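Breakdown of the fold
So the chains spell out like this:
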Amino acid sequence: MFKRQITYGIIVALVIVVAGCSSDNTDEPVASVGEKVLYRSNVKEILPKGISAEDSISMSNNYIDKWIKQELLIQKADENLNAEQKDLHKELEEYRNSLIIYKYKNELIKQRMDTVVTNRQIEEFYNNNPSNFNLNHSIVKATFIMIPDDLADPTLVKELIDDTSPEGIDELREYCGQYAKKVNISADEWISFQMLKKNFPNEMEEEEAFLKQNKLYEMNDSNYYYIVSIHDYKLSNDLAPIEFVRNNIKNLILNKRKIEFLKEIEENIYTEGVRKKKFRKYDTKTN
């Protein structure tokens, strides 16, 4: 029985593929559940252009099976739910209303809300809410380089890393472009130390001790020479530098502004409704 079903599915899919290459415009059914019918044209719509015959058969079979299962489930639900349970008018109306309001508010935000956040506003928010910006992981300004051991010149690499001027960084990048397998130069940018240490050949147990004790650290394995220079660091629970959380602060300010803006819009619409007598409240008190 199972083999016959598989064979039937393949035959149906082949019919769809062959028919898709044919000039015959007749629309033939490929599956049905009760009175619901799935036609060849429905299946052809989901097939990407230029797809191979093998992939077309697979996609067609999957789509047909999914359609059958969904229609069987709908049929079973229809048989077992009462009329009240199947009445979706209220849910559809609530969904429509929510969607309309959502789209209207988004349009107002696009057209009328101030989305400019100045550096001064970011600094004020940062200074007024320091407890919100304690780090939950260590961050560093660092340079990490991984070079094949037979190409590495540790003395030269250390000299290049030590020069953090723009010219020195450019020279280091040029050197790494020729010899390095991996490189991360973040002398002026804070990055997560957890992401950086994933490149180390050995596990690091005492992260805090490592950062406090090592400004420059070298490692080797059988294939590569590794070097990391820690230019600056902040430990977990330290106050995050403002430049590290600048984008987060901007989003927080905009979210707060959005809430206030939408609240003001709702109040204005209500005030307009009162002024223009667009609604009435009925006394529902009973004696």
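Keep in mind that this is a model prediction, so the values were computed, not measured.

Digging into the sheet that holds strand S6 (residues 224–234)
Pairing in this open sheet of four strands is antiparallel, and the strands run S4-S3-S6-S5 from one edge to the other. Sheet topology places strand S4 (182–192) and strand S5 (216–220) at the edges, where each strand pairs with a single neighbour. The mean angle between the axes of side-by-side strands here comes to 15 degrees, regardless of whether they run parallel or antiparallel. Of the strand pairs in this sheet, S5 and S6 are connected by five bridges, and their pairing is antiparallel. Residue pairing in the sheet places Leu216 in a bridge with Ser229 of S6.

Here we look at the packing of aromatic side chains
Enumeration over the complete set of coordinates arrives at 11 aromatic pairs. Residues Phe193 and Phe210 carry aromatic rings whose centres are separated by 5.9 Å and whose planes lie at 25 degrees to one another, so their mutual orientation is stacked. Taken together, the positions of Phe193 in helix H9 (residues 193–197) and Phe210 in helix H10 (residues 207–213) put the pair 17 residues apart, joining distant regions of the chain. For the residue pair Phe193 and Phe210, the accessibility class agrees, reading buried in each case. Between Tyr270 and Phe279 the ring centres are 5.4 Å apart and the planes differ by 35 degrees, which places this aromatic pair in the tilted class. With relative accessibility at 36%, the residue Phe279 sits in the partly exposed group. Connected via pairs of aromatic rings, a cluster forms that spans Phe144, Phe193, Phe200, Phe210, Tyr217, Tyr224 and Tyr226.

About the criteria used
Residues numbered from 1 in each chain as written. Predicted model: local features only at pLDDT ≥ 70, side-chain atom pairs only at ≥ 80, totals over all residues. Heavy atoms only, no water. Pairing = 2+ DSSP bridges. Helix = DSSP H or I, 4+ residues; strand = E, 2+ residues; numbered from the N terminus. Axes fitted to C-alpha atoms, helices over the stretch in contact; angles between N-to-C directions. Phe/Tyr/Trp six-rings, centres within 6.5 Å; stacked < 30°, edge-to-face > 60°. Buried < 20%, exposed > 50% of the residue type's maximum accessible area, 1.4 Å probe, protein only.

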